[in-house]
Amino acid sequence: MKAFFKRFARNKGAVIGLIILAIILAAAVLAPYFYPTSPWRMVTRPFLAPMAMDGYWLGTDALGRDVASGVMHGARVSLIIGLVSTLTALAIGIPIGALAGYFGGLLDDALMRFTEFFQTIPAFALAIVIVAILQPSLFSIVIAIAIVSWPPVARLVRGEVLSLRSREYVQAAVVIGQSTPRIILTQVLPNTIAPITVMASIMVASAILLESALSFLGLGDPNMMTWGYMIGAGRTRLIEAWWISFFPGVAIFLTVLALNLVGEGLNDALNPRLSREGG
Amino acid sequence: MIQKKTGRALASTALALLLSAGVVAMQPQDAKAEPQRGGTVQLAVTPEPPSLMLGLFQNGPTQMIAGDIYESLLRYDTDLTPQPSLAESWEISDDQLVYTFTLREGVLWHDGEPFTADDVVFSLDVFLREVHPRWRPTVNAQVASIEKTGDYEVTITLNEPFEPIMLSFEVGTTPIIPKHIYEGTDYRTNEMNSTPIGTGPMKFVEWDSGSYVHLERNEDYYLEGRPYIDEVYYRFIPDAASRAVAFETGTIDVLTGGSVEIFDVPRLEAQDNVCVTTAGWELFAPHSWLAVNVREGALADKTFRQAMMYAIDREFARDVVWSGFGTVANSPISSRTLFHSEDLHEYTYDPDRARELVAESSYDGETLEFLVMPYGETWTRWAEATRQNLEDVGINVNLVTTDVAGWSERLGTFNFQLTHNFLYQYGDPALGVSRSYVASNIVEGNPFANVMGYANEEVDALFAEAANAPSEDRPALYQRAQEILVDELPVLWMIEMDFPTVYRCDLQDFITTAIGVNDTFRDAWLQQ
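Quick summary incoming for the structure in this document. These numbers come from a predicted model, not from an experiment.

**Let's talk about the interface of chain A and chain B**
Facing 18 residues of chain A, the contacting portion of chain B comprises 20 residues. Where chain A abuts chain B, roughly 1800 Å² becomes buried across the two surfaces, and 53% of that area is made up of carbon and sulfur atoms. Of all residues in chain A, Met42, Leu63 and Thr236 of chain A bury the most surface against chain B, accounting for 30% of the area lost on that side. The interface formed by chain A and chain B includes three salt bridges. Glu384 of chain B is the partner of Arg65 of chain A in a salt bridge, and the nearest nitrogen-oxygen pair spans 2.8 Å. On the surface where chain A and chain B come into contact, there are nine residue pairs in polar contact (both at pLDDT 80 or more). Its residues placed into classes, the side of chain A that touches chain B shows nine nonpolar, four polar and five charged.

Here's what the structure looks like:
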């Protein structure tokens with residue numbers, strides 16, 4: 001564990017990413033303490049510029065809602081959507097990949113064609129269609145993001161399992177008569193955790209981007225204050241009131257950047273040989 | 001007509017007048033200017049209408065486009081005085097029971113068939129009687145017979161005197177429909193609904209779904225030399241910011257009322273050669289409200305509806321959401337029409353009173369569903385502000401988004417709890433107000449009927465009596481009806497709306513009637 005952190009810390013970018021992520025997480029957790037009322041609340045004059053009035057550091061939007069409150073509460077929704085949809089995607093992708101990789105043959109063919117079917121549809125277009133059909137809500141957005149992002153997981157897990165199942169310790173487990181589900185769960189899958197972790201961190205970032213893009217198009221959950229919604233609602237006044245869209249935009253940028261940096265750091269730390277060769 | 005011009009434009013006009021007395025001023029209503037032929041006009045309309053068949057659909061955008069394709073018997077100038085249209089002249093008998101319309105001869109439908117009294121009788125007595133939510137109650141209750149009394153003469157006989165009927169012959173209320181196309185068919189599935197045939201100054205050419213409707217000059221129009229404009233495009237640009245940009249860059253010449261986000265109006269008005277007017281809505285007097293499905297739950301409770309009315313900050317909505325355009329509404333009858341009463345209870349914004357009433361009411365914390373009216377960003381912002389107002393007094397509200405078709409469908413099947421809506425008043429409460437509150441208009445399939453499900457026999461009786469009462473008795477009856485409605489709140493009235501039209505000042509005689517841009521292209525012309 002110590003060695004792991006040492007290797008992680010060797011990547012400066014990853015440490016910076018982790019710090020940014022910690023700040024955003026803190027913002028998400030502390031939002032109700034700083035801004036106990038709803039971020040939808042019209043608190044003061046509309047179109048207040050940043051720093052123009054004490055207490056409204058990031059200005060207010062077209063209805064007089066506090067942009068700072070929106071950014072902080074938006075962090076909660078964005079992170080929750082990122083995490084939940086990634087977990088959902090993993091829950092779909094890992095079993096499919098594991099089954100295909102371990103059993104091979106016809107099952108592998110069938111599952112991989114099924115996976116490719118999803119991979120060939122443009123992800124964003126599919127997400128829009130799913131959300132539009134199911135009515136925009138937190139649930140439908142998570143489902144849509146999960147459905148468009150599980151195929152790479154399945155392929156990754158399949159590849160890992162393919163190489164792992166011929167290892168000696170797996171064959172040994174077969175010989176001593178362990179049941180197949182047990183072998184997959186206890187011998188094979190634990191060894192795929194490292195690459196999945198790396199991939200998941202990047203998936204959270206892309207899920208946040210996807211949700212923002214959907215909200216920007218007006219397909220967000222109309223009851224959730226999200227960064228994408230703020231940018232979308234503010235874009236018509238970009239010239240007069242740049243701050244409405246700017247700050248949530250910065251928030252998205254930092255979050256996605258931080259998650260990518262952390263993902264890279266995790267990759268280095270979990271694949272020590274690879275990182276040494278590379279560095 | 002309210003005409004706002006920029007200081008610079010006014011100054012240049014004044015300068016031009018000083019330099020040469022002969023220079024034609026840029027004022028659109030300068031009647032001395034000789035109309036010129038030719039030109040193309042591009043208008044932005046939002047949202048894209050579900051259909052252009054004006055007899056079946058009365059959405060704002062449908063009226064705006066199809067108002068140039070179809071015509072009715074009359075038009076109205078901005079003080080609501082009837083003017084000839086398909087009817088050349090008319091006579092009203094002394095007992096006010098018999099209306100005789102003499103129709104124009106030599107009018108052709110866009111497919112070349114001649115227009116006759118048969119079309120008028122079919123439209124008024126058969127087609128619209130069956131499908132039109134505003135004409136149906138009028139014709140069923142007031143009209144004894146509609147008869148062809150000559151190839152070009154139609155006689156309408158009333159049961160009792162009914163003064164407001166003279167305001168019914170406007171193209172959105174009684175569009176004249178071609179009998180040869182619709183007789184004996186299923187109106188709603190008739191194939192010709194997608195290629196409307198009318199008698200109007202503009203002919204339907206093409207509807208590129210999602211993009212534009214293209215109309216062209218009706219060469220056979222019965223008024224010599226008219227229309228002046230060759231081609232008209234109604235463009236559907238889904239995003240308000242893009243529409244404003246399209247206007248600024250010159251791709252669009254007219255931002256029709258409702259298609260320009262109200263907050264963009266001051267910025268656009270400051271540019272050269274841009275005129276802004278709130279005229280052309282006199283007959284409509286658009287009245288917005290929060291429609292409440294009063295059939296079940298807490299929403300059926302009058303006390304709860306009153307609580308909501310106190311909770312919603314309508315001044316804020318007018319000043320912030322609608323950029324100061326409009327007037328706070330306190331009555332079912334617009335203050336811009338005849339029978340509006342000032343002597344009514346006023347629900348001023350009072351969250352404390354609202355909380356008390358919520359506590360007294362049968363509301364037990366359930367989450368109400370608020371269907372966001374899909375008519376653009378301003379409505380979305382308004383829904384958000386309203387939800388916040390309601391949540392501030394402890395009423396839980398979830399917004400639900402949908403498209404125009406979905407919204408119409410859900411209102412038409414009463415599958416909603418709360419939503420914004422706005423209806424036109426059509427000059428007289430008997431035409432545009434009573435329809436929203438009388439039990440006989442609780443009909444499925446039309447989002448602009450009494451979808452709330454409100455029924456009160458006394459209100460029904462008052463509206464019925466007032467419609468046919470002598471004019472000196474009508475104010476007292478409408479006063480009583482307003483008092484009951486303001487107490488019971490079948491809907492929560494919000495704002496008497498202004499829909500500014502933004503257009504290039506070289507478009508002349510652009511808004512000449514009480515229905516604004518709906519029937520503009522008979523008279524409009526381009527200064528070239």
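**As for the state of the cysteines**
Residues and elements named next belong to chain B. Per the counting criterion, the structure on display carries one disulfide over all chains. Across the disulfide from Cys275 sits Cys505; the S-S distance is 2.1 Å. In this structure, the disulfide formed by Cys275 and Cys505 twists by about 115° around the S-S bond and is classed as right-handed. Of this pair, Cys275 sits in strand β12 (residues 274–277) while Cys505 sits in the loop between β19 (501–504) and β20 (507–508), and the two are 230 residues apart along the sequence. The exposure class of Cys275 is buried, given its relative accessible area of 0%.

**Section: a nonpolar patch on the surface**
All names here are of chain A. Side chains of Leu25, Val29, Leu30, Tyr33 and Phe34 sit close together on the surface and give an oily, nonpolar patch of about 570 Å² of accessible area. Position of Tyr33 relative to the elements: it lies in helix α2 (residues 12–34). The exposed category is assigned to Tyr33, whose relative accessible area is 67%.

**A closer look at the packing of helix α6 (residues 138–164) of chain A against helix α9 (residues 193–216) of chain A**
All names here are of chain A. The interhelical angle for the contact between α6 and α9, taken along N-to-C directions, is 155°, at an axis separation of 10 Å. The angle between α6 and α9 falls in the class roughly antiparallel. Crossing geometry of α6 relative to α9 is assigned as right-handed. Here Ile141, Ile145, Val148, Ser149, Pro152, Val153, Leu156, Val157 and Glu160 of α6 come into contact with α9, specifically with Pro195, Ile196, Met199, Met203, Ala207, Leu210, Glu211 and Leu214. Grouping the amino acids of the contact of α6 with α9 by side-chain chemistry returns 14 nonpolar, one polar and two charged.

**Points about the sheet that holds strand β10 (residues 231–235) of chain B**
Spatially, seven strands are ordered β8-β9-β10-β1-β11-β19-β12 (chain B) in an open sheet, and the strand pairing comes out mixed. The open sheet has two free edges, formed respectively by β8 (202–208) and β12 of chain B, since each of these has just one partner strand.

**Focus: unusual backbone geometry**
Residues and elements named next belong to chain B. A cis amide bond links Thr46 to the next residue, Pro47, at an omega of -10°. Mapped onto the elements, Pro47 comes out in the loop between β1 (40–44) and α2 (60–66). Looking along the chain, the bond that leaves Arg226 and enters Pro227 is cis, with omega of -5°. Locating Pro227 in the fold gives a position in the loop between β9 (212–217) and β10. We note that Gln96 has phi near 60°; this positive angle belongs to a residue other than glycine. We note that Ala285 has phi near 40°; this positive angle belongs to a residue other than glycine. Topologically, Ala285 is positioned in the loop between β12 and β13 (287–292).

Definitions and limits used
Every chain is numbered independently, its residues counted from 1 as its sequence is written. By the order in which they are written, chains take letters starting at A while ligands take numbers starting at 1. Note on the predicted model: pLDDT of at least 70 is required for a residue's local features to be given, and 80 or more for side-chain atom pairs to be given and counted; whole-chain, interface and lining totals, by contrast, use all residues. Excluded from the side-chain calculations are hydrogens and water; all other atoms, namely the structure's heavy atoms, are used. Should any heavy atoms of two residues lie within 4.5 Å, those residues are counted as being in contact. Summed over both partners, buried area is the accessible surface (1.4 Å probe) that two parts give up on being assembled. Any carboxyl oxygen of Asp or Glu within 4 Å of a side-chain nitrogen of Lys or Arg constitutes a salt bridge here. Whenever two N or O atoms come within 3.5 Å, that pair is a polar contact, provided that in protein one can donate a hydrogen and the other can accept it, and provided that, for residues adjacent in sequence, both atoms are side-chain atoms. Throughout, the ten residues Ala, Val, Leu, Ile, Met, Phe, Trp, Tyr, Cys and Pro are labelled nonpolar, Asp, Glu, Lys and Arg are labelled charged, and all others, Gly among them, are labelled polar. A pair of cysteine sulfur atoms is labelled a disulfide when the two atoms are within 2.5 Å. Labels follow the DSSP assignment, with helices taken as runs of H or I lasting at least four residues and strands as runs of E lasting at least two, numbered in each case from the N terminus. Each residue is assigned to one of three classes by its accessible area relative to the maximum for its type, calculated with a 1.4 Å probe on protein chains only: buried under 20%, partly exposed between the two thresholds, exposed over 50%. Candidates for patches are residues over 30% relative accessible area with no salt bridge; among them, like charges are joined within 9 Å and nonpolar side chains (Val, Leu, Ile, Met, Phe, Trp, Tyr) within 5 Å. Per-residue and other accessible areas follow the Shrake-Rupley method at a 1.4 Å probe size, with only the shown protein chains counted as cover for residues. In this analysis, axes come from line fits to C-alpha atoms, helices being fitted only over the stretch in contact, and the angle between any two N-to-C directions falls in the range 0 to 180 degrees. Angles are sorted into four bins: roughly parallel if under 35 degrees, roughly antiparallel if over 145, roughly perpendicular if 65 to 115, and oblique for all others. For any helix crossing, the convention is left-handed if the near helix is rotated counterclockwise from the far helix by under a right angle, and right-handed if that rotation is clockwise. DSSP bridges decide pairing: two strands pair if at least two such bridges lie between them.

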